[in-house]
Amino acid sequence: MIHKFSQGNKNIVLDINSGAVHVVDQLVYDVLDFYPQETPENTCEQLKDKYTSNEILEAITEIDYLRKENLLYSSDNYINHEAFRNKKTVVKALCLHIAHDCNIRCKYCFASQGDFHGERKLMTADIGKKSLDFLFKNSGNRRNLEVDFFGGEPLMNFDVIKEIVEYGRKEEKKYDKNIRFTITTNGVLLNEDNMKYINEHMYNVVLSIDGRPEVNDRVRYTINGDGTYNIILPKLIEMARLRNHENYYVRGTFTRHNLDFAQDVIHLADQGFKQISVEPVVASPENDYAILEEDLPQIFEQYEQLAEEYIKRKKDGKEFNFFHFMIDLNQGPCIIKRLSGCGAGAEYLAITPEGDIYPCHQFVGNGDFKLGNINENTLDISMYNDFSDAHVYNKEKCNQCWAKFYCSGGCHANAYNFNKDIHIPYSIGCEMEKKRIECALTIQAKLKQEE
């Protein structure tokens, strides 16, 4: 299987199974419309009005060489890979819902402004410690583990965070493990003391801001209805500075209200942020901010504009990283991650303040997906195994998709919320992801040719 597309005056051909990326001339690009599905003779006949037979046959010779080298129309390198056939799923990451409460109100919040459709509550240190014990005991031989402090707003429960981190650092030595703690915050409560602590103890930090002031303040506001942009921007800038502009992201959300979201990414870059992620909102179509299928052409244009700006700024020495344009053409993620993505429901689990276990933070509050409880030391193995087996080969739509080894099957929660089946991907999300991959490949092709 191959995928070919033209963007930014580049003709790009991607070999799906090998991951090889080829920048080709128009002749080879056109020949691939017919060959090797058709014979050389029929291919020459189809293109005789555009090229000579000798030109077409030379292109076919080049294509045949790439096929022989397994760089074009290669066989699947993953389905029979030992790492996949013998995979043993272990828990490697937890999302600790340290606070089911929040100090701001985001219009599009999937977590119902922080309470996850339940009681506003903070996690106790006891639940947090039991969660780490669960992680240690269910992580098998995996040494590097991840624990994300999530909410709501985690900084509303900061003393408990510190107690859990201290416990983790002590206990990890017993198990020969290494925990990478991370935190996601809206930034309102950041101050000199907790920023210093975060910088010293958190492997990664996600800082929430949606972009331009008018965009951010339309959907991210305080409990009193005031905008948050002016409150958080100086704090986020300082946090990024303290981290030497590494191991953090400013993370925004774009909605139907700002389909010109490339300007929000650029705005954040202009504030000095080097690590940026702006994601599409995922919401039911009855919401006025929800992204609809009819919005896709404009969204695609925005990604293309952003890709050109990304290249320009890199050349000018003003580069920044945009999460969705970061793509590794040399090694890429491990086999299991390529096939299973984030591992929600199996490798990655979410723990609520009550100790309930869910497949991920986006399933929290849906009782049908409660996997167990930390206090009761229970885990629904059947559901756990269902999520473990929800890889690209068990998703019909993914199995036929050229992007499957890049998106890894998409988000289980989005699949369920839109299709009531974790095996049927959210189609609008699929189309946006494919466009982002094309942009990322175009950027790599342009930068490579200009080296």
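Above: the structure in question.
The model shown is predicted, which means the values in this text are computed figures rather than measured ones.

Novice: How would you explain the pairing of strand β2 (residues 10–15) if you had to name every residue and give the values?
Specialist: Where burial is concerned, most of β2 is hidden: six out of the six residues are buried. Of the two faces of β2, both are covered, the one formed by K10, I12 and L14 as well as the one formed by N11, V13 and D15. Across six bridges, strand β1 (residues 2–7) lies against β2 in antiparallel orientation. Looking across to β2, one finds that Q7 is bridged to K10. Counted along the chain from β1 to the antiparallel partner β2, the turn is two residues long, and its residue G8 has a positive phi close to 60°. Here β2 runs beside strand β3 (residues 21–24); their pairing, made up of four bridges, is antiparallel. Opposite I12, over in β3, you have V23 as the bridge partner. Where β2 folds back on β3, the antiparallel hairpin that results is connected by five residues, among which G19 adopts a positive phi of roughly 85°.

Novice: Now, about the pattern of salt bridges: what can you tell me, with residues and values included?
Specialist: Taken as a whole and assessed by the stated rule, the structure comprises 29 salt bridges. Taking the shortest distance from any N to any O, the salt bridge between K92 and E347 comes out at 3.5 Å. Placement of the pair is K92 in the loop between α4 (82–85) and β4 (93–100) and E347 in the loop between α12 (335–340) and β14 (348–351), with a sequence separation of 255 residues. Since its relative accessible area comes to 15%, E347 is described here as buried.

Novice: So what's going on with the packing of aromatic side chains? Which residues, and what values?
Specialist: A full pass over the atoms with the stated rule returns 15 aromatic pairs. A ring pair is formed by F149 and F181, whose centres lie 5.7 Å apart and whose planes are at 10°; its orientation type is stacked. Taken together, the positions of F149 in strand β7 (residues 144–151) and F181 in strand β8 (residues 178–185) put the pair 32 residues apart, joining distant regions of the chain. The same class applies to F149 and to F181, which are both buried. Here the aromatic rings of F261 and Y303 are separated by 5.0 Å at their centres, their planes lie at 65°, and the arrangement is edge-to-face. Here the residue F261 occupies a position in the loop between β11 (248–254) and α10 (262–270), and Y303 occupies one in helix α11 (residues 296–315), the gap between them amounting to 42 residues.

Novice: I'd like a description of the packing of helix α7 (residues 192–201) against helix α9 (residues 229–242), backed by residues and values.
Specialist: In contact at an axis separation of 10 Å, α7 and α9 are set at 35° when each is read in the N-to-C sense. Seen along the crossing, α7 lies across α9 with a hand that is right-handed. Facing M195, I198 and N199 of α7, the residues of α9 in contact are K235, E238, M239 and L242. The residue makeup of the contact of α7 with α9, split by class, is four nonpolar, one polar and two charged.

Novice: Give a detailed account of unusual backbone geometry, specifying residues and quantitative values.
Specialist: Each neighbour pair has its own omega, and for Y35 with P36 the value is 10°, a cis peptide bond. For P36, the position within the fold is in the loop between α1 (26–31) and α2 (40–46). Here G151 and G152 are connected by a cis peptide whose omega angle stands at 25°. Note on placement: G152 falls in the loop between β7 and α6 (158–175). Phi at Y73 is positive, roughly 55°, even though this residue is not glycine. With respect to the element layout, Y73 can be found in the loop between α3 (53–68) and α4. We note that N247 has phi near 55°; this positive angle belongs to a residue other than glycine. Take N247: its relative accessible area is 42%, and that puts it in the partly exposed class.

What counts and how
- Residues numbered from 1 in each chain as written.
- Predicted model: local features only at pLDDT ≥ 70, side-chain atom pairs only at ≥ 80, totals over all residues.
- Heavy atoms only, no water.
- Buried < 20%, exposed > 50% of the residue type's maximum accessible area, 1.4 Å probe, protein only.
- Helix = DSSP H or I, 4+ residues; strand = E, 2+ residues; numbered from the N terminus.
- Pairing = 2+ DSSP bridges.
- Salt bridge = Lys/Arg side-chain N within 4 Å of Asp/Glu carboxyl O.
- Phe/Tyr/Trp six-rings, centres within 6.5 Å; stacked < 30°, edge-to-face > 60°.
- Axes fitted to C-alpha atoms, helices over the stretch in contact; angles between N-to-C directions.
- Left-handed = near helix turned anticlockwise from the far one by under 90°.
- Contact = heavy atoms within 4.5 Å.
- Nonpolar A, V, L, I, M, F, W, Y, C, P; charged D, E, K, R; others polar.

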